[in-house]
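# Residue-level structure breakdown
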Amino acid sequence: MNFILVFFILHWFLSLFFHTFFLHRFASHKMYETSKNWERFFYLCTWLFQGSSYLVPRAYGVMHRMHHAYSDTEKDPHSPHFFKDIYEMLKNTVIIYRSFLLNKNIPEEEFTKDYLPVWDKLDKFGHHIITRISFMVLYILIYVFFTPSFWWFFLLPIHFLMGPIQGAIVNWCGHKYGYSNFNNTDHSKNTGPFGFILLGELFQNNHHHAKRDANFAKKWFEVDLTYQIMRVFNFAGIIRLNKIS
Ligand SMILES: [Zn+2]
Ligand SMILES: [Zn+2]
């Protein structure tokens, strides 16, 4: 058994799950209610699994709400239709994200008036450069001890930048490639079979059509795995899915 492959898959899916389940579906859209203790637990997991590329929920939430309000217009923080490649788009996203995080740019009230989860101590610690570097050292050490061959080291940059890479894939492909179920007057698309690998996030066309709907899958052949897990959490009383009005 190749431990590095298992580690990579685990890191990919755990980081992505908390990205979509907590940062996107809770911090940005409040698709469910939960107790303060569970909220803190999910917050902690988001930091732990994103590790070196931890995205602070309040900055993520504000930026994502802007993305919906200005989808594929010039004011959209990361529309693929205004950048020549994915790298330029990612760079611009990071600049806007950091300006919110460091309070250099105060967002308009409409993007902060709804609930945004905040845990100042964890955010300071998680965002600190020493914490981020410590995670990177940990990933390197895991590779040093367990890699079957040198080539696997090329996967390390993906571990370092896991959160932003997953976000960039969704923002780039989800607004560029695929089919539409709805006319949202933007370029949002459902990128097809890759929806599964991105845990439902690549059904951007469906999601932009109904941004408070926790289920991103609308056709019989579309599967939103995150929503299915949320239904289990809802059934177990861990979260309470909000009714869509
Ligand atoms: Zn989108
Ligand atoms: Zn959204």
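Basis of the calculations
Residues numbered from 1 in each chain as written. Chains lettered and ligands numbered in written order. Predicted model: local features only at pLDDT ≥ 70, side-chain atom pairs only at ≥ 80, totals over all residues. Heavy atoms only, no water. Helix = DSSP H or I, 4+ residues; strand = E, 2+ residues; numbered from the N terminus. Rg over C-alpha atoms; globule rule 2.2 N^0.38 Å. Buried < 20%, exposed > 50% of the residue type's maximum accessible area, 1.4 Å probe, protein only. Contact = heavy atoms within 4.5 Å. Donors = N, O, S within 2.8 Å, 3.2 Å for Na, K, Ca; no water. Tetrahedral: all angles 85-135°; square planar, octahedral: opposite > 155°, others 65-115°. Phe/Tyr/Trp six-rings, centres within 6.5 Å; stacked < 30°, edge-to-face > 60°. Patch = residues over 30% accessible without salt bridge, like charges linked within 9 Å, V, L, I, M, F, W, Y side chains within 5 Å. Areas by Shrake-Rupley, 256 points an atom, 1.4 Å probe, with all protein chains shown as cover. Salt bridge = Lys/Arg side-chain N within 4 Å of Asp/Glu carboxyl O. Core = buried A, V, L, I, M, F, W, Y, C linked by side-chain atoms within 4.5 Å. Expected span 1.5 Å × (residues − 1). Axes fitted to C-alpha atoms, helices over the stretch in contact; angles between N-to-C directions. Parallel < 35°, antiparallel > 145°, perpendicular 65-115°, else oblique. Left-handed = near helix turned anticlockwise from the far one by under 90°. Nonpolar A, V, L, I, M, F, W, Y, C, P; charged D, E, K, R; others polar.

### Overview of the overall build of the protein chain
When helices and strands are tallied, the protein chain shows ten helices and two strands. The helix and strand sequence of the protein chain, counted from the amino end, reads α-β-α-α-α-α-α-α-α-α-α-β. The C-alpha atoms of the protein chain give 18 Å as radius of gyration, which agrees with the globular expectation for 245 residues (18 Å, within 12%). Here the protein chain, with 245 residues, has 50% of them falling under the buried criterion. Restricting the contact set of the protein chain to residue pairs at least 6 apart, pairs at least 24 apart contribute 68%.

### Comments concerning the coordination of the zinc ion (ligand 1)
Donor atoms from the polypeptide that bind the zinc ion (ligand 1) are His67 (NE2), His175 (NE2), Gln204 (OE1) and His208 (NE2), placed at 2.0 to 2.2 Å. Taken together, the four donor atoms coordinating the zinc ion (ligand 1) span angles of 96 to 150° at the metal, a pattern that classifies the geometry as irregular.

### As for the coordination of the zinc ion (ligand 2)
Within the protein, the zinc ion (ligand 2) binds to His24 (NE2), His29 (NE2), His64 (NE2), His68 (NE2) and His207 (NE2); these donor distances fall in the range 2.0 to 2.2 Å. Sequence spacing of the donors to the zinc ion (ligand 2): H-x4-H-x34-H-x3-H-x138-H. Given a relative accessible area of 0%, His24 falls into the buried group. Accessibility expressed as a relative area gives 3% for His29, which makes it buried.

### Observations concerning the packing of aromatic side chains
Evaluated as defined, the whole model comprises 32 aromatic pairs. Measuring from ring centre to ring centre gives 6.3 Å for Phe7 and Tyr143, while their planes differ by 70°; the resulting arrangement is edge-to-face. One end of the pair, Phe7, is in helix α1 (residues 3-28); the other, Tyr143, is in helix α6 (residues 129-146), and 136 residues separate them in sequence. Tyr143 carries the same exposure label as Phe7, and that label is buried. Aromatic side chains Phe21 and Phe233 sit 5.5 Å apart centroid to centroid with 80° between the ring planes, which places their arrangement in the edge-to-face category.

### Some remarks on the side chain of Asn205
Mapped onto the elements, Asn205 comes out in helix α9 (residues 204-209). Under the relative-accessibility criterion, Asn205 is labelled buried at 1%. If near-sequence neighbours (up to four positions away) are discounted, Asn205 is found in contact with Tyr179, Ser180, Asn181, Phe182, Asn184, Ser188, Lys189 and Asn190.

### Quick word on a nonpolar patch on the surface
On the surface, a cluster of nonpolar side chains totalling about 970 Å² of accessible area is made up of Phe3, Ile129, Ile130, Ile133, Val137, Ile140, Leu141, Val144, Phe145 and Phe146. When residues in the nonpolar patch are grouped by element, the largest group, nine residues, is from α6. As for its position among the elements, Leu141 is in helix α6. Given the relative accessible area of 41%, Leu141 is considered partly exposed.

### A look at the nonpolar core
The tendency in soluble globular proteins is for nonpolar side chains to be buried as a group. Ranked by size, the top nonpolar core spans 57 residues in total, and within it Phe21, Phe22, Tyr32, Phe42 and Ile239 carry the most contacts. Of the residues forming this core, the biggest block, eleven residues, is contributed by α1. Sequence-distant contacts of Tyr32, that is, excluding residues within four places in its chain, are made with Phe21, Phe22, Arg25, Phe26, Phe42, Met230, Ile239, Arg240, Leu241 and Asn242.

### Notes on the pattern of salt bridges
Enumeration according to the criterion identifies seven salt bridges in this entry. Glu33 is the salt-bridge partner of Lys30, the closest N and O atoms lying 3.3 Å from each other. Judged by its relative accessible area of 25%, Lys30 is partly exposed. Sharing partners across several salt bridges, the network here consists of Lys84, Asp85, Glu88 and Lys91.

### A closer look at helix α8 (residues 162-173)
Helix length check: α8 (twelve residues) gives 16 Å between terminal C-alpha atoms against 16 Å at 1.5 Å per residue, within 8%. All of the buried residues along α8 are Met162, Gly163, Pro164, Gln166, Gly167, Ala168, Val170, Asn171, Trp172 and Cys173. Buried residues along α8 sit against α1, α2 (36-50), α4 (86-101), α7 (156-160) and α9.

### Some points on the packing of α1 against helix α3 (residues 57-69)
One can describe the packing of α1 onto α3 by two numbers: an axis separation of 9 Å at closest approach and a directional angle of 70°. Between α1 and α3, the interaxial angle falls into the category roughly perpendicular. When you trace α1 past α3, the crossing you get is right-handed. On α3, the residues that touch His19, Phe22, Leu23, His24, Ala27 and Ser28 of α1 are Pro57, Tyr60, Gly61, His64, Arg65 and His68. A per-class count over the contact of α1 with α3 returns five nonpolar, six polar and one charged.

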